[in-house]
Amino acid sequence: MKNKCLITDIAFNNIHGLLIVEHATFLQVTYTERSLINFPFSRYFPKLFADSFWFLTCIHVLHHSSNSNLLYLGSRAKHKYQDQIKMKFMRLGTRPDNFYTEEATRTILSDLPSDLTICVNNITYLLHRFPLVPKCGLLQRLCSDRGDCTRFALELHDIPGGEAAFELCAKFCYGITIDLSAHNFVPAICAAKFLQMTDSVEKGNFVSKLEAFFNSCILEGWKDSIVTLQTTVMLPEWSENLGIIRRCIDSIVEKVLTPPTKVRWSYTYTREGYAQKKHHQSAPKDWWTEDIANLDIDLFRCILNTVKLTNMLPPQLIGEALHVYSCLWLPDLTKRRPNPETSTASQMSKQESVNKKGQLETIISMIPEEKGSVSVGFLLRLLSLANLLGASPVIKTQLIRRCSLQLEDATPNDLLLLSSNSCDDKDHIHDIALVKAVVECFIMRWRRQPNSSEDLIRKVGELTDFYLKMVARDANMPVQKLVSLAKTLPEFARPQHDNLYKAINIYLKEHPETSKEEKKQLCSIIDCEKLSPGVCAHAVKNEKLPLRMVVQVLFFDQERSGSKATAGHDFETRNIQSKNQSNDEVKNKIVLGSGEESSGGRSKTPDSTSRQKVEPESKHNNNNNKSRRKKVVEMGSKKEREIMDPRKTGIQTSRSENGHNNKGRER
């Protein structure tokens, strides 16, 4: 041991105590009826208590002789971020465990006959009065009421913690070795309180030792406090009355609010990539989220609400704690079609479904109001779970509103919500109705806001089209749902319809049995004027599209080509006019040099002549623009008649030469 030592064993009720310290130096002190709290360790070992890297790991009471105990001090270093540290425990007693079981009877091996029978639930204990009655106030009262009897039979069916807790108390009275830790502290102290094993009955009794362990070890530790708090679920009323719940919560909250640079205790942190980093200047900001996620939902809510009331942590950390808790306790909805026999919904019993529903609603109620406190992907997952577990309409509406506030930050994968009937082979996997409700809520909110940015709604439009491309592969997705979602967005939300066309093309590939009417419904949502030239070229050759759709694409493609040609012709006309005008000006200057009269008369002629030339030309261009669509439509009708007439070769002949078969073409 080097300059430091660590207290691992404590002696209580010493008449003569012997302390073993570093470098085998012995210090002898005398104490009578003193507990750990009263022992001035800091006076003898000031350096020990000044270093926070050393900590109390365990407590042992070792009987050195009948009149003295041995207090042993060992050493153990604590690493800054070590995850696996032994939890603190207290060992009391030195005698071996000589309890044995015969059927439903527990008996202690002794030369003396049993004179005390105690029944706890279905277990009968054959014990002795002399070790138990002096330490248990309840047994003293019950035995005194029976008078002078040689044998006593008592029933303690209502003892908190049951037979396990009672046996701990009985072994303490016999001096048998017992180990107490955060796992069994709560039932032990509740049973000791029930049996009235206090210092008023006998000095140094079980309750005082348990309270000293609770104050000096459990409340000082991080994981010890959490484990103890979790065990209070077994005895909530006793734990509440004894103040265990409130004191554990206060200890946990105090450590949660500790700055990350000052965290020196062990915690659980399994984020990806964190373990590979060898050097950490401080603990991560969310170091506490995984450990408290192991708690019951009501205890978790108490801790998180207490932390929120302090206003010392940002809402993003609160949201991260909720996300970690939901990942641990709520069912995980996969993106693939679940097996009806092994799906989450079918495996969940009715009671389990009710519990999960309660956990979900509690988590939703704790989400901070600040935008961005949780991700939109997490909100959408909660919305899908709420639909699966049958949450109330109020909860669903609240989630839909929260999702719409951050919809522009979502990804197409975030929108892949499983349908509540996805186990049925005849139903579609993805819940497109929920996505539509979120998009509608977003559009409604966008229209109400003054000076709303069109870039925002265009981003949502692009997101929706990418989502349509993904769900179009769903084998049982009905056309009506796809069209309904596509029509939810206003026209200006889609500057281009390329992604919408690709979604329809994917749907037609995955659903070859689509009827003519359904194809017309799908193609009705496409604006051919908003298709790029490349997509138009693909649509013209697409055999899965109805014929009318192909004709429309041809019309607008030719109209676009015609408008480009007209624009080029107008540009050349303007260049020629500007050149003629410059030549006329040069001629006028030459004429002006010969005389004033001739210059005065000829100077007006070019202007009037050019004006007369430009005005008919502009009128001609306007007439061309007005009649262009009519000509294109007439030309398209003529093309359609040629395609439908088997005697004409036209487009049909050219397609047959390219290897395309139009016999199955639908109009």
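Parameters at a glance
Residues numbered from 1 in each chain as written. Predicted model: local features only at pLDDT ≥ 70, side-chain atom pairs only at ≥ 80, totals over all residues. Heavy atoms only, no water. Helix = DSSP H or I, 4+ residues; strand = E, 2+ residues; numbered from the N terminus. Buried < 20%, exposed > 50% of the residue type's maximum accessible area, 1.4 Å probe, protein only. Contact = heavy atoms within 4.5 Å. Areas by Shrake-Rupley, 256 points an atom, 1.4 Å probe, with all protein chains shown as cover. Expected span 1.5 Å × (residues − 1). Pairing = 2+ DSSP bridges. Phe/Tyr/Trp six-rings, centres within 6.5 Å; stacked < 30°, edge-to-face > 60°. Axes fitted to C-alpha atoms, helices over the stretch in contact; angles between N-to-C directions. Core = buried A, V, L, I, M, F, W, Y, C linked by side-chain atoms within 4.5 Å. Salt bridge = Lys/Arg side-chain N within 4 Å of Asp/Glu carboxyl O. 1 Å grid on protein atoms, 1.4 Å probe; cavity = no way out; pocket = protein on both sides within 12 Å on 5 of 7 lines; lining within 4 Å. Points joined across faces, edges and corners; volume = space filled by probe spheres on them. Nonpolar A, V, L, I, M, F, W, Y, C, P; charged D, E, K, R; others polar. Left-handed = near helix turned anticlockwise from the far one by under 90°. Lys, Arg positive; Asp, Glu negative; His and termini not counted.

Peer 1: Describe the overall build of the protein, listing the residues and the values that go with them.
Peer 2: Within the protein, the secondary structure is distributed over 27 helices and 13 strands. When each of the 667 residues of the protein is scored for burial, the buried share is 45%. Residue pairs in contact within the protein that sit at least 24 positions apart in sequence constitute 70% of those at least 6 positions apart. Total accessible area computed for the protein in this model is approximately 35600 Å², and 52% of it derives from carbon and sulfur atoms.

Peer 1: Which residues make up helix α13 (residues 315–329), and what values do they have?
Peer 2: Its 15 residues give α13 an end-to-end C-alpha distance of 21 Å, which sits within 8% of 21 Å, the value for a rise of 1.5 Å per residue. Along α13, the residues classified as buried are Leu 317, Ile 318, Gly 319, Ala 321, Leu 322, Val 324, Tyr 325 and Ser 326. Taken together, the buried residues of α13 touch α11 (289–292), α12 (297–310), α15 (350–365) and α16 (376–389).

Peer 1: So what's going on with helix α8 (residues 222–231)? Which residues, and what values?
Peer 2: Summarising burial for α8: eight of the 10 residues are buried, a large majority. Along α8, the positions that sit buried rather than exposed are Trp 222, Asp 224, Ser 225, Ile 226, Val 227, Thr 228, Leu 229 and Thr 231. Buried-residue contacts for α8 involve α6 (185–194), α7 (206–218), α10 (244–256), α11 and α12.

Peer 1: Before we move on, can you summarise the pairing of strand β7 (residues 89–92) with the specific residues and values?
Peer 2: A one-sided burial pattern is seen for β7, the buried positions being Met 90 and Leu 92 and the unburied ones Phe 89 and Arg 91. Two elements, β7 and strand β13 (residues 178–181), share four bridges in a ladder whose sense is antiparallel. Bridge pairing in β13 links Met 90 to Leu 180.

Peer 1: Describe the packing of aromatic side chains, listing the residues and the values that go with them.
Peer 2: Counting across every chain of the model gives 12 aromatic pairs. Between Tyr 125 and Phe 166, the aromatic rings sit 5.1 Å apart at their centres with planes inclined by 65°, giving edge-to-face as the arrangement. Of this pair, Tyr 125 sits in strand β11 (residues 123–127) while Phe 166 sits in helix α5 (residues 162–174), and the two are 41 residues apart along the sequence. The exposure class of Phe 166 is buried, given its relative accessible area of 1%. Aromatic rings pair up to connect Trp 222, Trp 265, Tyr 267 and Trp 287 into one cluster.

Peer 1: How would you summarise unusual backbone geometry if you had to cite specific residues and measurements?
Peer 2: Positive phi, normally seen in glycine, also occurs at Asn 121, with a value near 55°. Here Asn 121 shows up in the loop between β10 (116–120) and β11. One non-glycine residue, Asn 311, lies in the positive phi region at around 55°. Along the chain, Asn 311 falls in the loop between α12 and α13.

Peer 1: Can you tell me about the sheet that holds β10, naming the residues and giving the values?
Peer 2: Read from one edge to the other, the open sheet built from five strands follows the order β8-β9-β11-β10-β12, with strand pairing classed as mixed. Of all the strands in the sheet, the pair left with one neighbour each is β8 (99–102) and β12 (152–155). Looking at each pair of strands side by side, their axes are set apart by 20° on average, direction ignored. Bridge analysis of strand β9 (residues 105–108) against β11 gives three bridges, and the strand direction is parallel. Each bridged residue has a counterpart across the sheet, and for Thr 107 the counterpart in β11 is Leu 126. Its contacts with the sheet put helix α4 (residues 137–146) on β10 and β12, and the angle it makes with β12 is roughly 130°.

Peer 1: Please provide a residue-by-residue account of the nonpolar core, values included.
Peer 2: If you look at soluble globular proteins, the nonpolar side chains tend to sit buried side by side. Ranked by internal contacts, the top residues of the largest apolar core, which has 154 residues, are Ile 118, Phe 166, Leu 195, Met 197, Phe 206 and Trp 222. For this core, the element with the highest residue contribution is α16, accounting for nine residues. In this view, Ile 118 contacts Ile 123, Thr 124, Tyr 125, Leu 127, Leu 132, Leu 139, Leu 154, Leu 156 and Phe 166; residues no more than four positions away in its chain are not counted.

Peer 1: Describe the pattern of salt bridges, and please don't skip the residues or the numbers.
Peer 2: Two side chains that carry opposite charge are able to pair once their charged atoms sit near each other. This structure, assessed with the given rule, holds 18 salt bridges. Notably, a salt bridge pairs Asp 298 with Arg 301, separated by 3.4 Å at the nearest N-O pair. Of this pair, Asp 298 and Arg 301 both sit in helix α12, separated by three residues, roughly a single helical turn. The partly exposed category is assigned to Arg 301, whose relative accessible area is 31%. Where salt bridges share partners, they join Asp 97, Arg 106, Glu 167 and Lys 171 into one cluster.

Peer 1: Describe empty space enclosed by the protein, listing the residues and the values that go with them.
Peer 2: Taken as a whole and judged by the stated rule, the model has two cavities of 30 Å³ or more. Computed from the structure, the second largest cavity encloses a volume of approximately 40 Å³. Where the lining of the second largest cavity is concerned, the elements lending two or more residues are α20 (479–488) and α21 (498–510). With three residues, the single largest contributor to the lining of the second largest cavity is α21. Considering only residue class, the lining of the second largest cavity consists of eight nonpolar, no polar and no charged.

Peer 1: Help me get a handle on the side chain of Ser 114, residues and values and all.
Peer 2: The residue Ser 114 is located in the loop between β9 and β10 in this model. The residues touching Ser 114, leaving out its near neighbours within four places in the chain, are Leu 126, Leu 127, His 128 and Arg 151.

Peer 1: Tell me what's going on with the packing of α8 against α10, and back it up with residues and numbers.
Peer 2: It is the contact of α8 with α10, at a shortest axis distance of 9 Å, that shows an interaxial angle of 145°. As α8 runs across α10, the sense of the crossing is left-handed. Between α8 and α10, the residues in contact are Trp 222, Ser 225, Ile 226, Thr 228 and Leu 229 and Ile 244, Ile 245, Cys 248, Ile 249, Ser 251, Ile 252, Lys 255 and Val 256, respectively. Residue composition of the contact of α8 with α10, by class: nine nonpolar, three polar and one charged.

Peer 1: Give a description of the side chain of Asp 498 that names residues and reports values.
Peer 2: Locating Asp 498 in the fold gives a position in helix α21. Of the buried charged residues, Asp 498 lacks a salt bridge, with Lys 502 as the closest side chain of opposite charge at 6.0 Å. Setting aside anything within four residues of it in sequence, one finds Asp 498 in contact with Lys 530, Leu 531, Ser 532 and Val 535.

Peer 1: Tell me about the pairing of β12, and please be specific about residues and values.
Peer 2: Along β12, the buried face is formed by Phe 152 and Leu 154; none of Ala 153 and Glu 155, which line the opposite face, is buried. Strand direction decides the pairing type here: β10 and β12, joined by four bridges, are parallel. Pairing of Cys 119 across the sheet is with Glu 155, part of β12.

Peer 1: If you had to explain the environment of Thr 232 to someone new, which residues and values would you point to?
Peer 2: By the element assignment, Thr 232 lies in the loop between α8 and α9 (236–241). Along the sequence, Thr 232 and Val 186 sit 46 residues apart, while their C-alpha atoms lie 6.4 Å from each other. Discounting residues that sit within four places of it in the chain, Thr 232 has contacts with Val 186, Ser 239, Ile 244, Ile 245 and Leu 299.

So yeah, pure geometry; function would need other evidence.
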